[in-house]
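Each chain, letter by letter, is given below.
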Amino acid sequence: MHALTVLPGVANSARLDEVPEPPPEQGALLVRALALGVCGTDREIIAGEYGAAPPGEERLILGHESFGEVEEAPRGSGFKPGDRVVGIVRRPDPVPCPACASGNWDMCRNGRYTERGIKELHGFGAERFRLEPDFAIRVDPALGALGILLEPASIVAKAWDHIERIGRRSPSWLPRKVLVTGTGPIGLLAAMMGMQRRLEVHVLDRHKSGPKSALIADLGAKHHAIPVGELADLAPDIVIECTGSWQVVRDVLGLTAPDGIVCLTSVTAPGHKAEIDIGGLNRKMVLGNEAVFGTVNANRGHYQMAAEALIRADSKWLSRLITRRVPLANWQDALDHRPGDIKSVIDFTL
Ligand code: BGC
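All values derive from a computational prediction rather than experimental measurement.

Section: the overall build of the protein
Piece 1. Within the protein, the regular secondary structure consists of ten helices and 19 strands.
Piece 2. Relative to its length of 350 residues, the protein is compact, with a C-alpha radius of gyration of 20 Å against a globular reference of 20 Å.
Piece 3. Projected onto its principal axes, the C-alpha positions of the protein cover 60 × 45 × 40 Å.
Piece 4. Residues counted as buried form 53% of the 350 residues belonging to the protein.
Piece 5. Long-range contacts, defined as pairs at least 24 residues apart, comprise 69% of the intrachain contacts of the protein with a sequence gap of at least 6.
Piece 6. Element-wise, carbon and sulfur atoms account for 52% of the exposed surface of the protein, whose accessible area totals about 15900 Å².
Piece 7. Of the charged side chains in the protein, 40 are positive and 43 negative, and the gap between their average positions amounts to 4 Å.

Structure, rendered in structure tokens:
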């Protein structure tokens, strides 16, 4: 079968390969791929800056944003042929640490977790892949092809879950305003989930017009096309940083109102040094009880929360997040990042 593979650590080594069928050790469910989403993490792996092949192997099958149809499911697995599924990305570490032992692999304490298509486990970028039933999420047929958005939505659902958990440190915290920086799939889904929480949603994106500004407007959110430093008077209760720009990360620190929470979601490259008034920032954060935290990955509960959020959302709006669908043979087109792109998807049915 065909699979998209890469030599981790080696730039531009991605290619469409002929690989063996997935072995049963990879899970009792045999899934036929319908679609594969591409994100910044995949591009980083292809650039040779991230990712690891399974032990003893050279190449890694890429892809962690899956959507497929079950072809084979053993009796008692809870799944049947024809079910639409998405694979959970992370697997618990083998120790396991207290977080992984309790199903909270997204909070792994020792870094020995593995991730499909990213870290030491083959991914979902193949015509067929296998899943352990405990790491498969059934997708409501009502979502149709939008099931491909479940994995990125799970990342955002976790961000919101943790913002709300941190918020509960103060029983009187009633957030009103959220600022989302960035309009990739993560930023737009974060804004959408902010609207679902009936918050006043502000979105920062440098382009004044275009498809992204239309998406922001159609959501009912407010668009700001100015540098984040000029938003000092906004005083949001929550900031969700999704640009991955180190300058924006620097500028959102200390931007919130008292009791505010800044949530960082991007895996930025190291090596950017910024000058900041750490005394002033520390004083503002201490006197304002402000919190800054990072978030990565998602556990099973977050996939469930994401599925509920996607079902409640306007499916026409969601479908506009998918700006390119290409057949597997044209996989390179999905990996290019062009202006106006939001989510590119490799469609195995084309
Ligand atoms: C994936 C996460 C993963 C993270 C770090 C993201 O792109 O969506 O599941 O944990 O990369 O590897």
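With respect to the packing of aromatic side chains
Any pair of aromatic rings gets described here by the distance separating the centres and the angle formed by the planes.
Piece 1. For the structure on display, the rule yields two aromatic pairs.
Piece 2. Their ring planes at 45 degrees and their centres at 5.1 Å tell us that Trp105 and Phe135 sit as a pair that is tilted. Residue Trp105 is located in the loop between α2 (98-101) and β8 (114-116), and its partner Phe135 is located in the loop between β10 (128-131) and β11 (136-138); the two are separated by 30 residues in the primary sequence.
Piece 3. Judged by its relative accessible area of 12%, Phe135 is buried.
Piece 4. Between the aromatic rings of Phe124 and Phe129, the centroid separation amounts to 4.8 Å while the plane-to-plane angle is 55 degrees, which identifies the pairing as tilted.

A short note on helix α3 (residues 150-167)
Piece 1. When the terminal C-alpha atoms of α3 are compared, their 25 Å separation across 18 residues agrees well with the 26 Å that a helix rising 1.5 Å per residue should span.
Piece 2. Taking burial as the measure, the 18 residues of α3 include 15 buried ones, the bulk of the element.

Some thoughts on the side chain of Glu241
Piece 1. Checked against the element boundaries, Glu241 lands in strand β15 (residues 238-241).
Piece 2. No salt bridge is formed by the buried Glu241; the nearest opposite charge belongs to Arg206, separated by 10 Å.
Piece 3. In this structure the side chain of Glu241 is engaged in a polar contact, spanning 2.9 Å, whose partner is the side chain of Thr181.
Piece 4. Apart from the residues within four sequence positions on either side, Glu241 is in contact with Thr181, Val248, Val249, Val252, Cys263, Leu264, Thr265 and Ser266.

Looking at the site of the ligand
Piece 1. All residues adjacent to the ligand are Cys39, Thr41, Tyr50, His64, Val89, Arg90, Glu115, Ile118, Glu151, Ile155, Val296 and Asn297.
Piece 2. Here Thr41 contributes a side-chain N or O atom positioned 2.5 Å from an oxygen atom of the ligand.
Piece 3. Contact distances for the ligand include 2.7 Å between an oxygen atom and a side-chain N or O atom of Tyr50.
Piece 4. Protein chains shield 92% of the accessible area of the ligand, which is 310 Å² for the free molecule.
Piece 5. Looking at the shell around the ligand, its residues break down into six nonpolar, three polar and three charged.

Considering the domain arrangement of the protein
Piece 1. Domain boundaries assigned for the protein yield domain 1 (2-138 + 321-347) and domain 2 (154-294).
Piece 2. Domain 1 puts seven residues into the contact, and the matching count from domain 2 is ten residues.
Piece 3. Both faces considered, domain 1 and domain 2 share a buried interface measuring about 730 Å² in area, 72% of it formed by carbon and sulfur atoms.
Piece 4. If you sort the residues of domain 1 by the area they bury against domain 2, Asp106, Leu321 and Ile342 come out on top, with a joint share of 58%.
Piece 5. Linking domain 1 to domain 2 there are one salt bridge.
Piece 6. Its salt-bridge partner being Lys158, residue Asp106 comes within 3.1 Å of it at the nearest N-O pair.

Conventions used here
Residues numbered from 1 in each chain as written. Predicted model: local features only at pLDDT ≥ 70, side-chain atom pairs only at ≥ 80, totals over all residues. Heavy atoms only, no water. Helix = DSSP H or I, 4+ residues; strand = E, 2+ residues; numbered from the N terminus. Rg over C-alpha atoms; globule rule 2.2 N^0.38 Å. Buried < 20%, exposed > 50% of the residue type's maximum accessible area, 1.4 Å probe, protein only. Contact = heavy atoms within 4.5 Å. Areas by Shrake-Rupley, 256 points an atom, 1.4 Å probe, with all protein chains shown as cover. Lys, Arg positive; Asp, Glu negative; His and termini not counted. Charge placed at Lys NZ, Arg CZ, Asp CG, Glu CD. Phe/Tyr/Trp six-rings, centres within 6.5 Å; stacked < 30°, edge-to-face > 60°. Expected span 1.5 Å × (residues − 1). Salt bridge = Lys/Arg side-chain N within 4 Å of Asp/Glu carboxyl O. Polar contact = N/O pair within 3.5 Å; in protein donor to acceptor, adjacent residues only side chain to side chain. Near = heavy atom within 4 Å. Nonpolar A, V, L, I, M, F, W, Y, C, P; charged D, E, K, R; others polar. Domains from an automatic or database assignment. Buried area = accessible area lost by both parts, 1.4 Å probe.

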